[in-house]
Amino acid sequence: MDASSVQGDLVDVMFTEAQIQAKLAEMARQIERDYEGEELLLVGVLRGAVMVMADLARALDRHVEIDWMAVSSYGSGTKSSGVVRILKDLDTDISGRHVLIVDEIIDTGLTLSWLTSNLASRDPASVEIGTLLRKPEAAKMDVDVKYVGWDIPNEFVVGYGLDYDERYRNLRDIGTLAPHVYG
């Protein structure tokens, strides 16, 4: 789905599909340099990271393994409950492995901080984070992120895995959602 299909729902298109692919290729080159000669396990955070993970993995010119986790820090509403639950754990033993957590966006940092700590307790060789988007103004927890595509303003964005009420994930671009949609 492209932005023209939902143009009345978007304030603007922040990043086009072409810009996203170019940024992921740029991130892939840096990852290749940093992990040269090392085995690498990419751990995607479901569901939002599916698009980023797939395209980042394809942009890498090397073998990588892939696994997935699903975590939740939300209760029944849109506010974080402060409690993180593992809904789907890794199928891979990460002991002694280099792990790169891949996410589509870092907002408050609370969930990624918890996830990094949880994975670090499993005796990996290293745990790093890569994200396509980061909202520095929304941060409540300082999270060390090794790879960042773009820092963005604290706006409600959708597309390319980012959703509102499970909609817009398959939008090829990333855009700012109009307040009339969620307000």
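Quick notes on the rules
Residues numbered from 1 in each chain as written. Predicted model: local features only at pLDDT ≥ 70, side-chain atom pairs only at ≥ 80, totals over all residues. Heavy atoms only, no water. Helix = DSSP H or I, 4+ residues; strand = E, 2+ residues; numbered from the N terminus. Contact = heavy atoms within 4.5 Å. Buried < 20%, exposed > 50% of the residue type's maximum accessible area, 1.4 Å probe, protein only. Phe/Tyr/Trp six-rings, centres within 6.5 Å; stacked < 30°, edge-to-face > 60°. Lys NZ or Arg CZ within 6 Å of the ring centre and 35° of its normal. Pairing = 2+ DSSP bridges. Salt bridge = Lys/Arg side-chain N within 4 Å of Asp/Glu carboxyl O.

(A) Here's a closer look at the side chain of His-98. In this fold, His-98 is placed in strand β5 (residues 98-106). In this structure His-98 touches Tyr-35, Glu-38, Glu-39, Leu-40, Leu-41, Ala-125 and Ser-126, once residues within four positions along its chain are discounted.

(B) Expanded view of unusual backbone geometry. Cis geometry marks the peptide bond from Leu-46 to Arg-47; its omega dihedral reads 0 degrees. Its location among the elements puts Arg-47 in the loop between β2 (40-46) and α2 (50-59). Even without glycine at this site, Asp-165 takes up a positive phi of about 55 degrees. Inspection of the secondary structure assignment puts Asp-165 in the loop between β8 (157-158) and β9 (174-177). The exposure class assigned to Asp-165 is exposed, which follows from its relative accessible area of 62%.

(C) Region of interest: the packing of aromatic side chains. Applying the stated rule across the entire model yields four aromatic pairs. Centre to centre, the rings of Phe-15 and Trp-150 are 3.8 Å apart; their planes meet at 10 degrees, and the pair counts as stacked. You can see Phe-15 sitting in strand β1 (residues 10-15) and its partner Trp-150 sitting in strand β7 (residues 147-151), a full 135 residues away along the chain. The exposure class of Trp-150 is buried, given its relative accessible area of 17%. The ring of Tyr-168 carries the charged tip of Arg-167 above its face, separated from the ring centre by 5.6 Å.

(D) Broad picture of the sheet that holds β1. Spatially, β1-β9-β8 is the arrangement adopted by the three strands of the open sheet, whose pairing is antiparallel. Looking at which strands have only one partner, the edges of the open sheet turn out to be β1 and β8. As paired strands, β8 and β9 are joined by two bridges and run antiparallel to one another. Within β9, the residue paired with Val-158 across the bridge is Gly-175.

(E) View of the pattern of salt bridges. Within the structure shown, the criterion is met by 13 salt bridges. As a salt-bridge pair, Arg-58 and Asp-55 come within 2.1 Å of each other at their nearest N and O atoms. Of this pair, Arg-58 and Asp-55 are both found in helix α2, three residues apart, which corresponds to roughly one turn of the helix. By relative accessible area, which is 12% here, Asp-55 ends up buried. With a closest N to O distance of 3.0 Å, Glu-65 and Arg-97 form a salt bridge. Placement of the pair is Glu-65 in strand β3 (residues 65-74) and Arg-97 in the loop between β4 (80-88) and β5, with a sequence separation of 32 residues. The class for Glu-65 is partly exposed, based on a relative accessible area of 39%. Here Arg-97 falls in the buried class, since its relative accessible area comes to 17%.

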